[in-house]
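What follows is the residue order along each chain.
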Amino acid sequence: MRLEHWRSALKSPVGGVAATLLVAFAVLAVIAPIIWGDAAEETDPAALSLGSSPEHLLGTDALGRDIALRVLVATRFSLGLALLATSISVTIGIILGVLPAVLGRRAGRLVVAVVNLAVAFPALLLALFFAVVFGIGSHGAVLAIGAAGAPSFARLVQTNVASVSGRDYVSAARVAGVSRIRLVVRHLLPNIGEPLVVNATVMAGTALLAFAGLSFLGLGVQPPSYDWGRLLGEGLDRIYLNPAAALAPGVAVVLAGLAFTLMGEAIAQVVGIRTGIFRIPQRMPDPAAQAESGRDDDAVLVVEDLRVAFPSADGQTEPVDGVSLTIQRGETVGIVGESGSGKSLTALALAKLTPENAAVSATRLDFTGESLLGRSDAEVRRLLGTSLAMVFQDPMTSFNPSMRVGWQIAEVARALEGRGRREALDRAVDRLRKVHMPVPERRARQYPHEFSGGMRQRAMIGMGLMSTPALIIADEPTTALDVTVQRQVLRLLRDVQRDSGAAVVLISHDIAVVSQMCQRIVVMYAGRIVEELPVDRLASAAHPYTRALLGSVPDMTTDRERPLATIPGRPPDPVSRPTGCAFAPRCEFADAQCGDVPVLTAVGVEHQRAACWHPREEPLPVVADAEIGGRV
Amino acid sequence: MTTASAPLATTTPEAVGGHTRWARNPWVVFLIRRLARLLVSLAVLVTIAFLMIHLIPGDPVRAALGINAPADLVEARRESLGLNDPIVVQYVNYVQALFSGDMGVSMTSGVAVSETIGQRLPASASLAVCAFAVVMIVSIPLGLCMAVLTRGGRRRGAELGFTSTSAVVAAIPEFLLAVGLVFVFGVTLDWFPVAGREGASSYVLPVIALSIGPALLMARIVRVEALSVLGQDFVRTARAKRLPPWRVYFRHVFPNALTSTLTIGGLLLSAMIVGTVLVENVFAWPGMGMTIVQSILAKDYPLVQGIVLVYGVAVLLVNLVVDLMLAVVDPRSTIREA
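> Looking at this structure, I do not really get the overall build of chain B. What am I missing?
Secondary structure assignment for chain B yields 15 helices and 0 strands. The contacts of chain B with a sequence gap of at least 6 include a subset with a gap of at least 24, amounting to 72%. Per element, the accessible surface of chain B, about 15000 Å² overall, is 68% carbon and sulfur.

Set out below in structure tokens:
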């Protein structure tokens, strides 16, 4: 625990309040018994069990003693006993905690087992047990509460020691022949100091409350001594006559307990790492632009100027920077690009599934002729519920691990179409059969962890088929699978598309996979579309980046003696994207003109557009006959 | 839970005979291990309860009867309690008696300990069960609700208000809350009875005192757990299915936040069972908590021993139930453990 930690702990509002309270209690503990000690013992037969009055602010007890003074004087005893009990807990706890590291394996395990067993019992039960053994009274109670708190502290020390003892410096010390005890004192304990200090502080608060509890029950401090708990117990008997007699010591206990707890929290916050989350305002779509753009009845999806922004350390980044895209009915479109090109985020934004902290804007976003912009969540769910299916990249994490697969699939029909349980499950089994799942009836009753990756991805596609999707967005559906399974899944996607007539957007970093599946290819780079072309025009790709992607695909004729072709340089970080064409720094044809952002313009013969100032015109001979592994 | 969630190996009929099939079923292995652990814990608990009377410095009978009791009375009482036998014989007798439900006889009233416990247990158990039900009914929706409202760093003000309020209130022990409640609702407003156990209204204040702190603590845990589940891929899948939000939260988020919720819930329930001791003493509730304090003060050791044993067994049973529920909720952990 370094000095600056303490300082910043005290500077936080919580820490400041806690520290002030603690100092006030400490001062009271020192001076109150000196100043009012005798006055608090003074009995007044003329004023027995009185309520509040000018002479006795909180009234008097059954012997006519002033309650306000007694509460103040009891500070010393209450705090002192609590701290004493805490130090006993901490001492026993540390000893029990480091014993497993000092003792041999067997003895160490025994200690761990004993501590684990003791921790299972609530501290109060242990305290009651020890109170019987050690006897009623303040001595017995200190020992009892100290002993009762020890197991949980020991557990804490054990966990922390275990986490530290694997570190390099501990191993090094062990190899150097440092004795076990020295290892604990010099290497282990100093490195787990922070959590121990925090927990000891919190534990002092707990001990204070526990002590008040025992004294309140009559098992702690015995008359003529008194602490807050004792005063509280005496006050409760006469709460109808003088509520202050019970409430004042209660408030004192709560305040002191809170002061310790909050102090612990304040230190914990300073020691721990704080994570701040920024919010940025949602940008509204431009209604004028929305009204202008016409309707395209053949399109499943039309998006214009899609932008996705995230808050970052300095302002915000835009991983998707103005994407416009139209998907026709029944069409298969591939979106390719390197990692970080914004393709997956584009897909999520199209499906309105971006993470909470993303700000999404677009001037147009139409799905089967209906605009999704400015709609409530419920309307978006209604519009997309049965007509848009998603297949995600990682089949391992995309299923709910605590729910049977069949039920997860059937859920779509149950929640969106209000089907009965039986009917929905039957349909789920039918869809599992459709995606070639063996023994679908049994598989439907299993949990995701009993499925292989390929089976899960097929189940995910089956889930998309529960209703009649107009569009299936598959975000890297085969990346996490091995090659033979990849092929099965892609073939399945194609069959599904043929049978259902849905449009498919296939997102992949692998241009070979995309060229096997799709009719049209969209190439993304650094959050923008750089080229759009039909798959049969791949050989005459115009954008240098597309050409480089194609050139890096190995095939059967690739000379294996030479290193694989790569694209020099790295894709830009969205934070520091170059002005102008983002590919320019890696492009051999770049010149001064590339300092301006190129727009998508038609090149070549049909439906081919590229965002490049220097589109290439000569065909790519290699790609022409590279039927990359054959079509699926 | 059925065996449907057992891994495939156990359901393929070939190569596994009847006997090995059972032994390989992870559920069977898990149950056997868990019950063995329960038995060990029970044995330790019984031993410690037995040792309690011997750990007390001096002669417990002399302490109970007082300094002025005649020596022959003390001796007769020691003889009747069996304290003059060798300790091993005493231990065997104690365990044997426990098996037949005999926990000894109270030193002050002469009534069988099991009879006293039988009279007092329902009052304490009903209090703990009611309070636990309140904790669950309040904390789960509250925690989920706070998680959804404050997800992704939204509503920082609400988050701060909730976390600080719940931290402060949860730090106040139940018996102090109880005193506060007695003052506000009993003394000042006179809405509810503040002592005894008569009718449903007498449950109100003790149950509130016992459940507020744990409910808020639990709500905090549920919130933090739900927040981490909200960021997982399968929640995105659920959203992609366009399920209504409540369905996403209760069917997909909550079950996966259950592991920690159940673990903490078990700890809280154990703490609440013992917490009834203090609350019973505030509200003069005729349960085991009142009895144990009275018998500790009266040095009625057989009764203390019996009640400690009952509390201990209750805690062990709660732990067992929690472990079984965890196994059902998260079958992967069971299989891994087995």
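> Hey, could you run me through the overall build of chain A in this one?
On a plain count of helices and strands, chain A comes out with 22 helices and 13 strands. Counting across all 632 residues of chain A, residues that qualify as buried make up 53%. Surface exposure of chain A reaches about 28600 Å², of which carbon and sulfur atoms provide 58%.

> Can you walk me through empty space enclosed by the protein in this structure?
Considering all chains together, one arrives at 7 cavities of 30 Å³ or more under this definition. Its boundaries defined by the atoms lining it, the largest cavity holds a volume of some 150 Å³. Taken together, 16 residues make up the lining of the largest cavity; nearest its centre are Ala389, Met463 and Gly464 of chain A together with Ala240 and Lys241 of chain B. At the level of secondary structure, the elements contributing two or more residues to the lining of the largest cavity comprise strand 7 (388-391) and helix 18 (453-464) of chain A together with helix 11 (233-240) of chain B.

> Just checking my understanding: could you explain the domain arrangement of chain A for this structure?
When the parts of a complex come together, some accessible area is lost, and that lost area is often used as the size of the interface. The domain boundaries assigned to chain A delineate domain 1 (3-271) and domain 2 (287-537). Computed over C-alpha atoms only, the centres of domain 1 of chain A and domain 2 of chain A are separated by 57 Å.

> Would you mind showing me how to read the sheet that holds strand 9 (residues 503-508) of chain A here?
Either a parallel or an antiparallel arrangement is found when strands of a sheet pair, and the pairing is made through backbone hydrogen bonds. Residues and elements named next belong to chain A. Spatially, the 8 strands line up as an open sheet ordered 7-8-9-3-10-11-13-12, and their pairing is mixed. A strand with exactly one partner marks an edge of an open sheet, and here the two such strands are strand 7 and strand 12 (601-602). Across 4 bridges, strand 7 lies against strand 8 (residues 471-475) in parallel orientation. The residue of strand 8 that forms the bridge with methionine 390 is isoleucine 473.

> How do you make sense of a nonpolar patch on the surface when you look at a structure like this?
Residues and elements named next belong to chain A. Together, Val23, Val27, Val30, Ile31, Ile34 and Ile35 give the surface a local cluster of nonpolar side chains, amounting to about 550 Å² of exposed area. Within the secondary structure, isoleucine 31 sits in helix 2 (residues 13-41). The class of isoleucine 31 is partly exposed, set by a relative accessible area of 35%.

> Could you clarify how one ought to interpret the pattern of salt bridges in this entry?
Pairing between side chains of opposite charge can happen when the charged atoms of each approach one another. Residues and elements named next belong to chain A. Tallying each qualifying case throughout the model produces 25 salt bridges over all chains. For the salt bridge of arginine 364 with glutamate 304, the shortest nitrogen-to-oxygen distance reads 3.4 Å. Of the two residues, arginine 364 is situated in strand 5 (residues 364-367) and glutamate 304 in strand 1 (residues 299-312); the sequence distance between them amounts to 60 residues. Here the salt bridges do not stand alone but share partners, grouping Asp305, Arg307, Glu318, Asp321 and Arg528 into one network.

> What's the story with the pairing of strand 9 of chain A in this structure? I'm lost.
Consecutive side chains along a regular strand alternate between the two faces of the sheet. Residues and elements named next belong to chain A. The buried count for strand 9 comes to 6 of 6 residues, which makes it a mostly enclosed element. Burial of strand 9 is two-sided: the residues Ala503, Val505 and Ile507 facing one way and the residues Val504, Leu506 and Ser508 facing the other way are all buried. Two elements, strand 3 (residues 332-336) and strand 9, share 5 bridges in a ladder whose sense is parallel. Each bridged residue has a counterpart across the sheet, and for valine 336 the counterpart in strand 9 is serine 508. Note: strand 8 against strand 9, 5 bridges, orientation parallel. Considered in strand 9, the bridge of isoleucine 472 is made with valine 504. Running through helix 19 (residues 483-500), the crossover from strand 8 to the neighbouring parallel element strand 9 is right-handed.

> Looking at this structure, how should I read the pairing of strand 3 of chain A?
Residues and elements named next belong to chain A. Taken across its 5 residues, strand 3 has 5 buried, putting it largely inside the fold. In this sheet, strand 10 (residues 520-525) lies alongside strand 3 in parallel orientation, the contact comprising 4 bridges. Across the sheet, valine 333 pairs through a bridge with arginine 520, a residue of strand 10.

> Got a minute to help me understand the nonpolar core in this structure?
Across soluble globular proteins, nonpolar side chains show a tendency to be buried alongside one another. Ranked by internal contacts, the top residues of the largest apolar core, which has 133 residues, are Trp228 of chain A together with Val253, Val282 and Ile292 of chain B. Sort the elements by how many residues they give to this core and helix 12 (residues 245-282) of chain B lands first, with 16 residues. When near neighbours in sequence (up to four residues on either side) are disregarded, valine 282 of chain B contacts Phe216 and Leu236 of chain A together with Phe175, Ala178, Val179, Val182 and Val194 of chain B. Core analysis: the next-biggest nonpolar cluster, separate from the first, contains 105 residues, Ala351, Leu353, Leu490 and Val553 of chain A among them.

> Where do I start with the interface of chain A and chain B in this structure?
Counting from both sides, the interface comprises 67 residues of chain A and, opposite them, 70 residues of chain B. The contact between chain A and chain B buries some 6300 Å² in all, and 71% of this surface belongs to carbon and sulfur atoms. Interface area lost by chain A to chain B is led by Phe129, Val132 and Glu356 of chain A, which between them contribute 10%. Our count for the contact surface shared by chain A and chain B stands at 2 salt bridges.

> I tried to follow the packing of helix 12 of chain B against helix 14 (residues 301-329) of chain B on my own but got confused; where do I start?
When two helices pack together, their arrangement is captured by the angle between the axes and the distance separating the axes. Residue and element names in this part refer to chain B. Where helix 12 contacts helix 14, the axes come no closer than 10 Å and their chain directions differ by 170°. Here helix 12 is positioned roughly antiparallel relative to helix 14, judged by the angle of their axes. Across the interface between the two elements, Pro255, Leu258, Thr259, Leu262, Thr263, Gly266, Leu269, Ser270, Ile273, Thr276 and Val277 from helix 12 touch Tyr311, Ala314, Val315, Val318, Asn319, Val322, Met325, Leu326 and Val329 from helix 14. Per-class residue counts for the contact of helix 12 with helix 14 are 14 nonpolar, 6 polar and no charged.

Conventions we followed
For every chain, the first residue of the written sequence is number 1, and numbering continues from 1 along that sequence. Working convention: letters from A go to chains and numbers from 1 go to ligands, in the order in which they are written. In keeping with the predicted nature of the model, local features appear solely for residues at pLDDT of at least 70, side-chain atom pairs appear and are counted solely at 80 or more, and the whole-chain, interface and lining totals rest on all residues. As a convention, hydrogens and water are excluded, and side-chain values are obtained from all of the structure's heavy atoms. Put simply, DSSP H or I for four residues or longer makes a helix, DSSP E for two residues or longer makes a strand, and each gets a number counted from the N terminus. Throughout, a contact is declared for two residues whenever any of their heavy atoms are within 4.5 Å. Shrake-Rupley sampling with a 1.4 Å probe provides the accessible areas, and residues are treated as covered by the protein chains on show and by no other component. Working definition: with a 1.4 Å probe on protein chains only, accessible area under 20% of the residue-type maximum means buried, over 50% means exposed, and in between means partly exposed. Throughout, the protein atoms alone are placed on a 1 Å grid, and a set of points is a cavity if a 1.4 Å probe fits but cannot get out or a pocket if it is open with protein on both sides within 12 Å along at least five of seven lines; lining residues have an atom within 4 Å of a point. Grid points are joined across faces, edges and corners, and a volume is the space filled by probe spheres set on the points. For the purposes of this description, domain bounds are those given by an automatic or database domain assignment. Two strands form a pair only when DSSP identifies at least two bridges running between them. Two joining distances apply to patches: 9 Å for like charges and 5 Å for nonpolar side chains (Val, Leu, Ile, Met, Phe, Trp, Tyr), and every residue must have over 30% relative accessible area and no salt bridge. When a carboxyl oxygen of Asp or Glu is within 4 Å of a side-chain nitrogen of Lys or Arg, the pair counts as a salt bridge. Note on handedness: a crossover is taken as right-handed if, strands pointing away from the viewer, the path from the first strand over the helix to the second is clockwise. Here, nonpolar core refers to any group of buried Ala, Val, Leu, Ile, Met, Phe, Trp, Tyr and Cys residues whose side-chain atoms link them within 4.5 Å. The term buried area denotes the loss of accessible surface (1.4 Å probe radius) that occurs when two parts are joined, taken as the sum for both partners. Here an angle of 0 to 180 degrees is reported between the N-to-C directions of two axes, which are lines fitted to C-alpha atoms, with helices fitted over the stretch in contact. What sets the label is the angle itself: under 35 degrees gives roughly parallel, over 145 gives roughly antiparallel, 65 to 115 gives roughly perpendicular, and the rest give oblique. Only Asp, Glu, Lys and Arg are considered charged in this grouping, and only Ala, Val, Leu, Ile, Met, Phe, Trp, Tyr, Cys and Pro are considered nonpolar; every other residue, Gly among them, is considered polar.

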